[in-house]
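# Structural description and commentary
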Amino acid sequence: QITKSYASGQVGEMWKLVFRSSKLAFFLLMLICVPVLIEMDFVLKWWLHDVPTYTVSIARLMILSILIETLGNQVIGVYQAANKRRYQLYSSTIILFNVPLSYLLLRITPNNPIIPYIVSVSLSILYVFSILWNARREIGLNLETYLKEVLLRDVIICILTLGIVWGSTLLLSPSLFRAFLTVLLTLACSALFAWKIGLDSKEKVFVKNIIKQKISRK
């Protein structure tokens, strides 16, 4: 749909689709990531029984890195529609810097295997901003609007949801019941905050129409 809008010259409609899909993609991934981040220790103990040291922290950092990169991935569709490839040079270079940076830091603190994953999270942030900054120059992205309407709202919703759900689960000991409760709380909080903070009036109508279509088909 983004490519079709670009090809037909509907640039305004194209950017609306990018903004909307960026938010929805982040919200949907957040529904999975938040419960897993919180219950990672329980999940790994249930799966592996004997969990190696640092495994929980490493897994959480990897998931966080994936969630961060989602904030810029939808813009790549516009690059592809416009047949622009320069962004790959910047973004790929940033990701590849993980190897030399991790090597240097591990030489300084060799007994901390979490360092490469902390570097990965930091570079994921730079990766997103490189995509957005270059999109501002090459394909006409309104960076200020994107930061305000998409990135800021996504981050606020994620922090609020993660904070409330994590704080609530601290009252219970790790168990299958707590994991189930974590999923329910994540669904409730993310849906509430996404509706109140994340979506504008047109996007709310869009979501309502999708729900009505799904119900009418049944």
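For the structure itself, look to the data block above.
One structure accompanies this document, and this report is about it. Given the structure is predicted, the values throughout are model-derived calculations rather than measurements. (Residues numbered from 1 in each chain as written. Predicted model: local features only at pLDDT ≥ 70, side-chain atom pairs only at ≥ 80, totals over all residues. Heavy atoms only, no water.)

To continue, consider the packing of aromatic side chains. For the structure on display, the rule yields two aromatic pairs. Ring centres of Tyr 79 and Tyr 87 lie 4.2 Å apart, and the angle between their planes is 20 degrees; this geometry places the pair in the stacked category. On the basis of relative accessible area, Tyr 87 is assigned to the buried category, the value being 7%. Of note, Arg 136 hangs over the ring of Trp 133, and the distance from its end group to the ring centre comes to 4.9 Å. (Phe/Tyr/Trp six-rings, centres within 6.5 Å; stacked < 30°, edge-to-face > 60°. Buried < 20%, exposed > 50% of the residue type's maximum accessible area, 1.4 Å probe, protein only. Lys NZ or Arg CZ within 6 Å of the ring centre and 35° of its normal.)

Below, the discussion takes up the packing of helix α3 (residues 55-73) against helix α8 (residues 143-169). Between α3 and α8, whose axes approach to 10 Å, the crossing angle comes to 150 degrees. With respect to each other, α3 and α8 are oriented roughly antiparallel. Of the two elements, α3 crosses α8, and the hand of that crossing is right-handed. Contacts between α3 and α8 involve Arg 60, Leu 67, Leu 71 and Gly 72 on the former and, on the latter, Tyr 146, Leu 151, Asp 154, Cys 158 and Trp 166. When the residues that make up the contact of α3 with α8 are grouped by side-chain class, the tally is six nonpolar, one polar and two charged. (Axes fitted to C-alpha atoms, helices over the stretch in contact; angles between N-to-C directions. Helix = DSSP H or I, 4+ residues; strand = E, 2+ residues; numbered from the N terminus. Parallel < 35°, antiparallel > 145°, perpendicular 65-115°, else oblique. Left-handed = near helix turned anticlockwise from the far one by under 90°. Contact = heavy atoms within 4.5 Å. Nonpolar A, V, L, I, M, F, W, Y, C, P; charged D, E, K, R; others polar.)

Within the fold, Val 155 resides in helix α8. Look at Val 155 and you get partly exposed, because its relative accessible area is 31%. Spatially, the C-alpha atoms of Val 155 and Asp 41 are 24 Å apart, while their sequence positions differ by 114 residues.

Across soluble globular proteins, nonpolar side chains show a tendency to be buried alongside one another. Of all hydrophobic cores here, the largest spans 54 residues; its most connected members are Trp 15, Val 75, Leu 132, Ile 139 and Leu 141. A per-element tally of this core places helix α2 (residues 11-48) first, with 14 residues. The residues contacting Val 75, other than those within four sequence positions of it, are Val 18, Ile 131, Leu 132, Ala 135, Ile 139 and Tyr 146. (Core = buried A, V, L, I, M, F, W, Y, C linked by side-chain atoms within 4.5 Å.)

Here we take up the pattern of salt bridges. Within this structure, the stated rule accounts for four salt bridges. Between Glu 138 and Arg 86 there is a salt bridge, and its shortest N-O distance comes to 3.4 Å. Note that Glu 138 is positioned in helix α7 (residues 115-138) and Arg 86 in helix α5 (residues 86-96), a separation of 52 residues in sequence. Classification of Arg 86 by relative accessible area gives partly exposed; the value is 47%. (Salt bridge = Lys/Arg side-chain N within 4 Å of Asp/Glu carboxyl O.)

Bringing the side chain of Thr 161 into the picture now. In this fold, Thr 161 is placed in helix α8. Overall, the relative accessible area of 0% leaves Thr 161 in the buried class. In terms of polar contacts, Thr 161 uses its side chain to reach the backbone carbonyl oxygen of Ile 157, at 2.8 Å. Dropping the residues within four chain positions of it, Thr 161 is found in contact with Met 30, Val 34, Thr 186, Cys 189, Ser 190 and Phe 193. (Polar contact = N/O pair within 3.5 Å; in protein donor to acceptor, adjacent residues only side chain to side chain.)

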